[in-house]
Amino acid sequence: MATFKLLLLPGDGIGPEVMAELKAIVDWFTAKGVASFEVEEGLVGGAAYEAHGQSISEADMSRAQSADAVMFGAVGGPKWDGVPYDKRPEAGLLRLRKDLALYANLRPAICYPALADASALKRELVDGLDMLIVRELTGGVYFGEPKTITDLGNGQKRAIDTQVYDTYEIERVSRVAFELARTRRNMVHSAEKRNVMKSGVLWHEVVSALHRESYADVELNHILADNCAMQLVRRPKQFDVIVTDNLFGDILSDVAAMLTGSLGMLPSASLGAADESTGRRKALYEPVHGSAPDIAGKGLANPIAMIASFAMALRYSFELKDWASRLDQAIAASLEKNLRTADIMQDGMIQIGTAEMGKSILNELERLAG
Ligand code: NAD
């Protein structure tokens, strides 16, 4: 039986509530003998600030470095609005992404049939939707230098952000996209704006060369990022994998996400380079949502995004693809039973809380495991 090291960082607000449901599922996998998960738990965000005066301790950073996967809840809340900038809760997440060099952010948009009517788009456009956005996460305009606001002295100021990409940054994230496409419907759309941006010209050139050299078996389409946004709301099911830079990925993944309904449903993964000896990638899995202070402590939070993030870990970090699919099916089955947390509640459905949703998914998993 394979052994995996898992670091749980529940964080703040609803983070610990949704993580509690995930813990029960992880324990079930170990008890069932699917794999042995060695689970450690640490502090991040406001919780770490209270305990250590920083958003993540050095000890937890070194646990994260040696873990096979980090499961992250959510951070932040009004209580820490006034803490120094470098110690704010979000700094813990940024440090994890930076120190683990997590350059590829995976955001799936999957529409569960039971929730197709909750989408802002018509059912026929989203029913059965299953696509994945691979966003470059550590480069581009959010990090490029110079990044300044200069006073021009004539009552005007000038703001500069710099969009900058090197070949290797484009190549490594595109490689992730092509590899993932091979495990799915074998199609990649590469989105940039080569019509107006030099970084788009290079992006197009590097993706095309990599495709020719190593991934000619995968269908590659180039698409301008603005057209991609339009196509996402026009005919989203035409996409399988979209690879794009940090800025366009930020926007396109939010558009894609909302095709499927609530924030409480959306998982994500951030992957780094593969270790040369083990082939395993550094990886952090987290729901897209934040700490939801408005509902924290009330047992109302939807745990599906957190649990679906673990399904991604089973798929991308632990090579347990069949179990990943079963866990996804267990989520779908709970929704088919008309069970809904408050955020996805619709007329005629049965409203339940965090713990009941977690328990239902676990029961369905047990049933699917046979
Ligand atoms: P949020 O995602 O926390 O909440 C937005 C809305 O969605 C709220 O009404 C909330 O109740 C609801 N919601 C979110 N997740 C839900 C779930 N699982 N189940 C049911 N409802 C859910 O975003 P926000 O309100 O803008 O931010 C709150 C705090 O979270 C801030 O401190 C912010 O900085 C932080 N934040 C953290 C992360 C992260 O940890 N990755 C991401 C976004 C925001």
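Source: prediction; values computed, not measured.

What counts as what
Residues numbered from 1 in each chain as written. Predicted model: local features only at pLDDT ≥ 70, side-chain atom pairs only at ≥ 80, totals over all residues. Heavy atoms only, no water. Helix = DSSP H or I, 4+ residues; strand = E, 2+ residues; numbered from the N terminus. Rg over C-alpha atoms; globule rule 2.2 N^0.38 Å. Buried < 20%, exposed > 50% of the residue type's maximum accessible area, 1.4 Å probe, protein only. Contact = heavy atoms within 4.5 Å. 1 Å grid on protein atoms, 1.4 Å probe; cavity = no way out; pocket = protein on both sides within 12 Å on 5 of 7 lines; lining within 4 Å. Points joined across faces, edges and corners; volume = space filled by probe spheres on them. Nonpolar A, V, L, I, M, F, W, Y, C, P; charged D, E, K, R; others polar. Near = heavy atom within 4 Å. Polar contact = N/O pair within 3.5 Å; in protein donor to acceptor, adjacent residues only side chain to side chain. Areas by Shrake-Rupley, 256 points an atom, 1.4 Å probe, with all protein chains shown as cover. Core = buried A, V, L, I, M, F, W, Y, C linked by side-chain atoms within 4.5 Å. Axes fitted to C-alpha atoms, helices over the stretch in contact; angles between N-to-C directions. Left-handed = near helix turned anticlockwise from the far one by under 90°. Pairing = 2+ DSSP bridges. Salt bridge = Lys/Arg side-chain N within 4 Å of Asp/Glu carboxyl O. Phe/Tyr/Trp six-rings, centres within 6.5 Å; stacked < 30°, edge-to-face > 60°.

The number of helices and strands found in the protein is 12 helices and 14 strands. Computed over its C-alpha atoms, the radius of gyration of the protein comes to 21 Å, within 12% of the 21 Å expected for a compact globule of 370 residues. If you line up the protein on its principal axes, its C-alpha atoms span 60 × 50 × 50 Å. In the protein, which comprises 370 residues, the proportion classed as buried is 52%. Sequence-distant contacts, at least 24 apart, represent 74% of the contacts inside the protein between residues at least 6 apart.

What follows is about empty space enclosed by the protein. Tallying each qualifying case throughout the model produces 2 cavities of 30 Å³ or more. There is about 50 Å³ of room inside the largest cavity. In terms of lining residues, the largest cavity is bounded by Gln163, Tyr165, Ala191, Glu192, Lys193, Met197, Ser199, Gly200, Trp203, Asp245 and Phe248. Top contributing element to the lining of the largest cavity by residue count: helix α7 (residues 198-214), with 3 residues. Across the lining of the largest cavity, the residue classes tally to 5 nonpolar, 3 polar and 3 charged.

Lining the immediate environment of the ligand, one finds 21 residues, of which Glu90, Gly290, Ala292, Asp294 and Asn302 sit closest. In this structure, Gly290 approaches the ligand through a main-chain N or O atom, which is 2.7 Å from an oxygen atom. Ala292 is positioned such that a nitrogen or oxygen atom in its backbone is 2.8 Å from an oxygen atom of the ligand. For the ligand, whose unbound accessible area comes to 800 Å², protein coverage reaches 67%. Considering only residue class, the shell around the ligand consists of 10 nonpolar, 7 polar and 4 charged.

Before going further, it helps to examine the nonpolar core. Counting residues in each nonpolar core, the largest one holds 72 residues, and the members touching the most others are Phe29, Val134 and Phe310. By residue number, the principal contributor to this core is helix α10 (residues 304-316), which donates 9 residues. The residues contacting Phe29, other than those within four sequence positions of it, are Val34, Ala35, Phe37, Phe310, Leu314, Trp323, Leu327 and Leu365. Ile133, Ala225, Phe239 and Phe248 belong to the second largest nonpolar core, which has 19 residues in total.

Here we come to the packing of helix α1 (residues 15-32) against α10. Direction vectors running N to C along α1 and α10 enclose 40°, while the axes themselves pass 9 Å from each other. Of the two elements, α1 crosses α10, and the hand of that crossing is right-handed. Note on element contacts: α10 touches α1 through Met306, Ile307, Phe310 and Leu314, opposite Val18, Met19, Glu21, Leu22, Ile25, Val26 and Phe29.

The 10 strands are arranged β2-β1-β3-β12-β11-β4-β5-β10-β8-β9 in an open sheet whose pairing can be described as mixed. Two strands lie at the open edges of the sheet, namely β2 (36-41) and β9 (219-224), each paired on one side alone. Neighbour-to-neighbour, the strand axes of the sheet open up by a mean angle of 20°, direction not taken into account. Where strand β1 (residues 3-11) lies against strand β3 (residues 69-74), 5 bridges are found, and the strand directions are parallel. By the bridge assignment, Gly11 is partnered in β3 with Ala74.

If you walk through the whole model with that rule in mind, you get 25 salt bridges. Between Glu171 and Arg175 there is a salt bridge, with its nearest N and O atoms 3.8 Å apart. Here Glu171 and its partner Arg175 are both found in helix α6 (residues 167-182), 4 residues apart, which amounts to about one turn of the helix. For Glu171, a relative accessible area of 30% translates into the label partly exposed. Judged by its relative accessible area of 33%, Arg175 is partly exposed. A salt bridge links Arg185 to Asp240; its shortest N-O distance comes to 3.9 Å.

With that settled, the discussion passes to the environment of Leu314. Tracing the chain through its elements places Leu314 in helix α10. Separated by 119 residues in sequence, Leu314 and Asn195 have C-alpha atoms that sit 39 Å apart. In this structure Leu314 touches Phe29, Phe37, Glu319, Leu320, Lys321, Trp323, Ala324 and Leu327, once residues within four positions along its chain are discounted.

Right, let's get into the packing of aromatic side chains. Considering all chains together, one arrives at 10 aromatic pairs under this definition. Taking 5.7 Å as the distance between ring centres and 80° as the angle between the ring planes, the aromatic pair formed by Phe29 and Trp323 counts as edge-to-face. Of the two residues, Phe29 sits in helix α1 while Trp323 sits in helix α11 (residues 321-336), which places them 294 residues apart along the sequence. Residue Phe29 is classed as buried on the basis of its relative accessible area, which comes to 0%. Judged by relative accessible area, which is 17%, Trp323 ranks as buried. With a centroid separation of 5.7 Å and an interplanar angle of 65°, the aromatic rings of Phe37 and Phe310 are classed as edge-to-face.

Bringing the side chain of Asn105 into the picture now. By the element assignment, Asn105 lies in strand β4 (residues 104-110). For Asn105, the side chain forms a polar contact with the side chain of Ser270, separated by 3.1 Å. If sequence neighbours within four positions are ignored, Asn105 has contacts with Ile133, Val134, Arg135, Leu137, Ser268, Ala269 and Ser270.

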